[in-house]
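Coordinates in review
Each chain, letter by letter, is given below.
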Amino acid sequence: MNVLKKLGCGIASWWNANAKRADRRRSRRGSVAILVAAAIPPLILLGSLSVDQAYLGYRYQLLRRTAQAAALAAQTNLSSYYSAGGTYSSTSMATINSAVQTVVSATMPSSQYGTVVPATASNSTSAVQLGTWNNTTKTFTATTTNPNAVQVTALNTAANSNPVSLVLPPVVGKSKVD
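The structure contained in this document is the topic of the report that follows. The shown structure was predicted, so the numbers you read here are calculated from the model rather than taken from an experiment.

Quick look at the side chain of Asn162 now. Mapped onto the elements of the fold, Asn162 is located in the loop between strand 3 (149-152) and strand 4 (164-165). Only 3.2 Å separates the side chain of Asn162 from the backbone oxygen of Thr115, close enough to count as a polar contact. Within polar-contact distance, the side chain of Asn162 engages the side chain of Asn156 at 3.1 Å. The residues touching Asn162, leaving out its near neighbours within four places in the chain, are Arg59, Tyr113, Gly114, Thr115, Val116, Leu155, Asn156 and Thr157.

For Lys138, the position within the fold is in the loop between strand 1 (128-134) and strand 2 (139-142). Looking at Lys138, its side chain comes within polar contact range of the main-chain oxygen of Asn135, at 3.3 Å.

What follows deals with the side chain of Arg59. Along the chain, Arg59 falls in helix 3 (residues 31-76). Here Arg59 falls in the buried class, since its relative accessible area comes to 6%. Not counting chain neighbours up to four residues away, the residues in contact with Arg59 comprise Met108, Tyr113, Asn156, Asn162 and Val164.

Calculation criteria
- Residues numbered from 1 in each chain as written.
- Predicted model: local features only at pLDDT ≥ 70, side-chain atom pairs only at ≥ 80, totals over all residues.
- Heavy atoms only, no water.
- Helix = DSSP H or I, 4+ residues; strand = E, 2+ residues; numbered from the N terminus.
- Polar contact = N/O pair within 3.5 Å; in protein donor to acceptor, adjacent residues only side chain to side chain.
- Contact = heavy atoms within 4.5 Å.
- Buried < 20%, exposed > 50% of the residue type's maximum accessible area, 1.4 Å probe, protein only.

Shown next as structure tokens:
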């Protein structure tokens, strides 16, 4: 090496500098693996959270569309209510509930989604309610006297035996969401 220094080539200093860089590179090996290992769990959690949020959004939209379609089907059968004299009867309500259940079972089959719109004969406690719609105040009032609208409430709840199952919540202790 002394010979190279005397020649003034600078090869020795270049050699020493590169040897030091190689030592530093060797001491840093594996640091990327540690960073990747530390980043994977948060990325998996964020990914499953985004999948769950997307699925919840999908189920909400599916419930909304099902309720709207069922209300439209019930509205078209509201004439059966008036053909019965415009008074509440179990027969006219059964016709409306039948139309609602036909649409609901076509949109969200009970074998896959459970009972989304439970049918009862009572207008006040049912998920299918007859009533009047006020265009000025944009409100629905449940009544059996001269109804002009039908309100359908679709549910995904544990009480209804059809909560939404998710991916992430089992990690934190809750696997279903109402």
